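In case you want the letters, here they are:
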Number of protein chains: 2
Amino acid sequence: MRLTQYFLPVLKENPADAQIVSHRLMLRAGMIRQQAAGIYSWLPLGFRVLKRIERIVHEEQQRVGHIPLLMPTLQPADLWRESGRYEAYGEEMLRLNDRHKRELLYGPTNEEMITDIFRAHVNSYKDLPLTLYHVQWKFRDEVRPRFGVMRGREFLMKDGYNFDLTKEDALHAYNRHLVSYLRTYERMGLQAIPMRADSGPIGGEDTHEFLVLADTGESEVFYDSEITDLTFGDRTVDPADPAACQAVLDEFTSRYARTDETHDPAVFEKIPEARRRTARGIEVGQIFYFGTKYSEPMGATVVGPDGTRVPVHMGSHGIGVSRLLGAIIEASHDDKGIIWPEGVTPFDVGIVNLKQGDSATDSACEALYAALEARGLSVLYDDRDERAGAKFATMDLIGLPWRITAGPRGLATNTVELTSRRTGETVTLAPADAVERLAAIYAPIKAASYDAAVG
Amino acid sequence: MRLTQYFLPVLKENPADAQIVSHRLMLRAGMIRQQAAGIYSWLPLGFRVLKRIERIVHEEQQRVGHIPLLMPTLQPADLWRESGRYEAYGEEMLRLNDRHKRELLYGPTNEEMITDIFRAHVNSYKDLPLTLYHVQWKFRDEVRPRFGVMRGREFLMKDGYNFDLTKEDALHAYNRHLVSYLRTYERMGLQAIPMRADSGPIGGEDTHEFLVLADTGESEVFYDSEITDLTFGDRTVDPADPAACQAVLDEFTSRYARTDETHDPAVFEKIPEARRRTARGIEVGQIFYFGTKYSEPMGATVVGPDGTRVPVHMGSHGIGVSRLLGAIIEASHDDKGIIWPEGVTPFDVGIVNLKQGDSATDSACEALYAALEARGLSVLYDDRDERAGAKFATMDLIGLPWRITAGPRGLATNTVELTSRRTGETVTLAPADAVERLAAIYAPIKAASYDAAVG
């Protein structure tokens, strides 16, 4: 993409009403625009990151055998009366009436609807296990929306639901989601720590939240510092193997890590003092096992092996897709702007032309642009007629992980500069070598991709 | 995908309440489930087709330089008061209040919001031309939703908006959209004929609808039979070249083609009688030029070359993404089920194992499955323990364009059968040759794809 043909409305001033750094930077980098309290448009740069995150979520869900579908944003109130949650949900549920005065609501979550789909179409234990998920816009009418997309009202969430014959099978599904989530977050360059949590209005006893450590997190967290040494890495875990999934859960919950809701000071005190940590965390996902809480009242049963009907065991599992943009920025920025991890960056590399209009420099930049795209890399080429300082400031603000700087002086000796946004380190090398270097950097990112049905 | 691990709830009975064939077939093929009047869940098979159509739309928009973003589903009422449409829109607009009694609406279209984004961020004619688009869920509270996804209430639409300095530039954008739409529909296996239409509540003088001929179409159309001989094909049209785009518009509007709203019997009568046609059509898209209808009242102006502020010239351009599934089925089915064009099929090929459980047949099918996926083809492998008739009926119903049938008798001589869903023709050939044949059939489909930011 050539910047002169793009729509990247960066702001020079710090927006007055944005309280946290991710909100400020998303506004300044031209990623979002508020349309009403807690309701945002995703401008082109923000949309690209949103889609990259959504794609990773789809890929990792399908990698472990979960099946995508798509439920609508609006739901009939009657479905929620069946579970008893229509009245219980409170003012966060956005209720509305259509022209015929039928009661609808903008879905804040989908347990009822997916249970309805299941009971309508599944009849036998032979069709289990089954995990269905979707990535869809939700609405929660927060009393005080704030922090940009971190606590918006209209937000994009992946929510998945497992249906199993027994509690044991459902707990395997729970563990499988934990495995899948660890890999999902790591692909986004995030360390998200599973912490035992409170189930809230979803219900159930077993639940873990995934928290990203960041000073601006809304939750206070307590953990053993050894937990942050654990990484999922590129291990291969068979999603159909209960013991393998259980082992991952055991490993990642082997150290103390709790939110304030479940914090137990007596247990915490037993950790050696040097390893005790208190910090802030941003919740980016949650998994639940809630058994037959929905299947019993809503009649979601299957014929079991012995011929009798039994309610299915369920759980639900969410990832805050739009919120993740904020969480990633909170975890990865400096005073100049955003620093995108390679896995989610809106463009893989930026090109800064130091002397736009100079025909030799222009053609060198065009050749670089073409060579990078030919290697499957996405490129933002700053072809504006601007001074170098302004171009660098824009690149630093929007946070592409790599920048190539090309000017007449370097090109005279067939060199350009390749700069890491994260470290600031610059190497001088031939344009062709810069292309090779970047292709090699991104090779594992591209290889992690999985051909999933996302578009 | 192995069918035993998928969620494909096909129905044996014809649903009583579905009046048209696409609605019946989408229900029978397990593609959709109605959750409320005109509000549907997209079950896994339907979701796959929806995403393939959405992807083609994204690719073709970006091919001609249009920039994707994403606006929210809910909009503040005040924005619509600026254009005067809040009261004018009538009962089709779904209005609601949040917990603080602020007035919102579920967007039926986005002229106001995109104009708001433009006026906030664009200041100079130097930033033009600009065309922004999104693919987002909309809501129109139809008094009588019917025909499944063809006239639903919550529906997925691509809507794009051009911003230009002059009427001439905006008419080029209009023509560019027409070029892009012709290519878009052809990639979906559809012939969609541009017809001069009525602008309705969007406003403006210049507008064309794109209609697919089908007996169940809601519009009566009148045309010169020569129009159906025109195809866009694989021509290359420079989207930045006004004359080239105008030539395509001229060609595709050179024959009489009108809906009943704009039909002129006197002109129609001048066509030689043998070429006069009256038929039914399904509207699958519409393009509008409406000049300064929104930019003037909403203050969307730019500083022109002479230093004075002028309102921008705009148009809007829509494709009914979810409706297209219905339109394609109306145009392509037989009494056994759907016949998907290769460009939008949920899976490229189906495998029917005639003797599930027979180890030689099973392993031949597994090898085929792996070989097809290795060639980048998506496969639905019917590995159920069912008789051949039931497997054939399912494949015919869900309409995959190609089916490979493998059984012990054929495999004894190293052959399988490759059957075209459209023609019913079957060839007997070696499994490896079937793979090659299919890879060759799909090569142009894959080559037409464009690496766009869709996920």
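Conventions we followed
Residues numbered from 1 in each chain as written. Chains lettered and ligands numbered in written order. Predicted model: local features only at pLDDT ≥ 70, side-chain atom pairs only at ≥ 80, totals over all residues. Heavy atoms only, no water. Helix = DSSP H or I, 4+ residues; strand = E, 2+ residues; numbered from the N terminus. Buried < 20%, exposed > 50% of the residue type's maximum accessible area, 1.4 Å probe, protein only. Contact = heavy atoms within 4.5 Å. Domains from an automatic or database assignment. Buried area = accessible area lost by both parts, 1.4 Å probe. Salt bridge = Lys/Arg side-chain N within 4 Å of Asp/Glu carboxyl O. Polar contact = N/O pair within 3.5 Å; in protein donor to acceptor, adjacent residues only side chain to side chain. Nonpolar A, V, L, I, M, F, W, Y, C, P; charged D, E, K, R; others polar. Least-squares fit on C-alpha atoms with pLDDT ≥ 70 in both. Pairing = 2+ DSSP bridges. Axes fitted to C-alpha atoms, helices over the stretch in contact; angles between N-to-C directions. Parallel < 35°, antiparallel > 145°, perpendicular 65-115°, else oblique. Left-handed = near helix turned anticlockwise from the far one by under 90°. Phe/Tyr/Trp six-rings, centres within 6.5 Å; stacked < 30°, edge-to-face > 60°. Lys NZ or Arg CZ within 6 Å of the ring centre and 35° of its normal.

**Let's talk about the overall build of chain A**
Looking only at helices and strands, chain A has 14 helices and 23 strands in total. Its C-alpha atoms give chain A principal-axis dimensions of about 80 × 60 × 45 Å. In chain A, which comprises 455 residues, the share counted as buried stands at 60%. Intrachain contacts of chain A at a sequence separation of at least 6 include 71% that bridge at least 24 residues.

**Considering the domain arrangement of chain A**
Accessible area lost upon the coming together of the parts serves often as the stated size of an interface. Residue and element names in this part refer to chain A. Segmentation of chain A into domains returns domain 1 (21–338) and domain 2 (347–447). Once you take the C-alpha centre of each, domain 1 and domain 2 turn out to be 38 Å apart. Summed over both sides, the interface between domain 1 and domain 2 buries roughly 990 Å², with carbon and sulfur atoms accounting for 46% of that surface. Applying the counting criterion to the domain 1 and domain 2 interface returns three salt bridges. Between K336 and D396 there is a salt bridge, with its nearest N and O atoms 3.9 Å apart. Linking domain 1 to domain 2 there are six residue pairs in polar contact (both at pLDDT 80 or more). Listed by contribution, the elements that provide at least two residues to the side of domain 1 that touches domain 2 are helix 1 (21–28), helix 2 (44–63) and strand 18 (337–338). Top element by residues in the side of domain 1 that touches domain 2 is helix 2. It accounts for three residues. The residue inventory of the side of domain 1 that touches domain 2, partitioned by class, reads four nonpolar, two polar and five charged.

**Quick word on the relation of the copies chain A and chain B**
Note on the copies: chain A fits chain B at an RMSD of 0.0 Å, the axial shift is 0.0 Å, and the rotation between them is 180°. Both chain copies can therefore be described as sitting about a two-fold axis. Closest approach to the rotation axis among the C-alpha atoms of chain A is made by L96 of chain A, whose C-alpha sits 2.9 Å away. Most of the interface of chain A is mirrored in chain B, where 100% of its interface residues again form contacts.

**Thoughts on the sheet that holds strand 22 (residues 416–420) of chain B**
Residue and element names in this part refer to chain B. Reading across from one edge, 20-19-21-22-23 is the order of the five strands in this open sheet, with mixed pairing throughout. Two strands close off the open sheet at either side, each with one partner strand: strand 20 (379–382) and strand 23 (426–429). Pairwise comparison of adjacent strand axes, ignoring direction, gives a mean angle of 20° for this sheet. Sheet topology note: the strand 19 (residues 349–353)/strand 20 ladder contains four bridges and is parallel. Opposite I351, over in strand 20, you have Y381 as the bridge partner. Across the sheet, helix 12 (residues 388–398) lies against strand 19, strand 20 and strand 21 (402–406), angled at about 170° from strand 19, the strand it touches most.

**Points about the environment of E373 of chain B**
Residues and elements named next belong to chain B. Assignment of secondary structure puts E373 in helix 11 (residues 359–374). By relative accessible area, which is 40% here, E373 ends up partly exposed. Remark: the alpha-carbon pair of E373 and D348, spanning 25 residues in sequence, is separated by 9.9 Å. Apart from residues no more than four positions distant in its own chain, E373 is found in contact with M1 and V379.

**Focus: the side chain of R323 of chain B**
Residue and element names in this part refer to chain B. Following the sequence through the fold, R323 ends up in helix 10 (residues 321–331). For R323, a relative accessible area of 16% puts it in the buried group. Non-local contacts of R323, meaning those with residues more than four positions away in its chain, are made with V149, M150, R151, E218, I282 and E283.

**Overview of the pairing of strand 22 (residues 416–420) of chain A**
Residues and elements named next belong to chain A. With four of its five residues buried, strand 22 lies for the most part within the structure. Examined bridge by bridge, strand 21 (residues 402–406) and strand 22 share four bridges and lie antiparallel to one another. Looking at strand 22, one finds that I404 is bridged to L418. Sheet analysis places strand 22 next to strand 23 (residues 426–429), joined by four bridges and oriented antiparallel. By the bridge assignment for strand 23, V416 is matched with L429. From the end of strand 22 to the start of strand 23, which pair antiparallel, there are five residues, and G424 there has a positive phi angle of about 80°.

**Details of the packing of helix 11 (residues 359–374) of chain A against helix 14 (residues 431–447) of chain A**
Residues and elements named next belong to chain A. In contact at an axis separation of 10 Å, helix 11 and helix 14 are set at 25° when each is read in the N-to-C sense. Of the possible angle classes, the one that applies to helix 11 and helix 14 is roughly parallel. The way helix 11 lies across helix 14 gives a crossing that is right-handed. For the pair helix 11 and helix 14, contact is made by L368, A371 and L372 and by P431, V435 and L438, respectively. In the contact of helix 11 with helix 14, the residues fall into six nonpolar, no polar and no charged.

**Quick word on the interface of chain A and chain B**
Listed per partner, the contact involves 60 residues of chain A and 60 residues of chain B. Both faces considered, chain A and chain B share a buried interface measuring about 5300 Å² in area, 62% of it formed by carbon and sulfur atoms. Sorting the residues of chain A by area buried against chain B places F7, L70 and R99 of chain A first, and these three jointly supply 13% of that buried surface. Linking chain A with chain B are six salt bridges. Salt-bridge contacts for D98 of chain A lead to R153 of chain B; the nearest nitrogen and oxygen are separated by 2.8 Å. Taken together, the connections running from chain A to chain B amount to 18 residue pairs in polar contact (both at pLDDT 80 or more). When the residues that make up the side of chain A that touches chain B are grouped by side-chain class, the tally is 35 nonpolar, ten polar and 15 charged.

**Observations regarding the sheet that holds strand 4 (residues 74–76) of chain A**
Residues and elements named next belong to chain A. Across the sheet, which stays open at both edges, the three strands sit in the order 4-6-5 with antiparallel pairing between neighbours. Unpaired on one side and paired on the other, strand 4 and strand 5 (94–97) mark the two borders of the sheet. When the angles between neighbouring strand axes are averaged without regard to direction, this sheet yields 35°. As judged from the three bridges shared by strand 4 and strand 6 (residues 103–106), these two strands associate in the antiparallel manner. Bridge pairing in strand 6 links P76 to L104.

**Some details on the pattern of salt bridges**
Residue and element names in this part refer to chain A. All chains considered together, the criterion is met by 72 salt bridges over all chains. Its salt-bridge partner being D396, residue R421 comes within 3.9 Å of it at the nearest N-O pair. With R421 in the loop between strand 22 and strand 23 and D396 in helix 12 (residues 388–398), this residue pair connects regions lying 25 residues apart in the sequence. Accessibility classification places R421 together with D396 in one group, the buried group. Here the salt bridges do not stand alone but share partners, grouping R55, E59, E60, R63, R183 and R187 into one network.

**Looking at the packing of aromatic side chains**
Describing an aromatic ring pair means giving the distance of the ring centres and the angle of the ring planes. Evaluation of the coordinates by the stated rule reveals 25 aromatic pairs over all chains. Note on F290 of chain A and Y294 of chain A: the rings are 4.9 Å apart at their centroids and 70° apart in plane angle, and the pair reads as edge-to-face. The burial state of F290 of chain A is the same as that of Y294 of chain A; both residues are buried. A centroid spacing of 5.6 Å and a plane angle of 40° characterise the contact between Y185 of chain B and F210 of chain B, whose relative ring orientation is tilted. Separated by 25 residues along the polypeptide, Y185 of chain B in helix 6 (residues 167–187) and F210 of chain B in strand 10 (residues 206–213) bring together distant segments of the chain. What links up through ring pairs into an aromatic cluster is the set Y106 and F139 of chain A together with Y106 and F139 of chain B. We note R48 of chain B situated over the ring of F347 of chain B; from NZ or CZ to the ring centre the distance is 4.0 Å.

**Description of the packing of helix 1 (residues 21–28) of chain B against helix 10 of chain B**
All names here are of chain B. In contact at an axis separation of 8 Å, helix 1 and helix 10 are set at 105° when each is read in the N-to-C sense. On the basis of their axis angle, the class for helix 1 and helix 10 is roughly perpendicular. Contacts between helix 1 and helix 10 pair V21, S22, L25 and M26 from the former with L325, G326, I329 and E330 from the latter. Partitioned by chemical class, the residues of the contact of helix 1 with helix 10 number five nonpolar, two polar and one charged.

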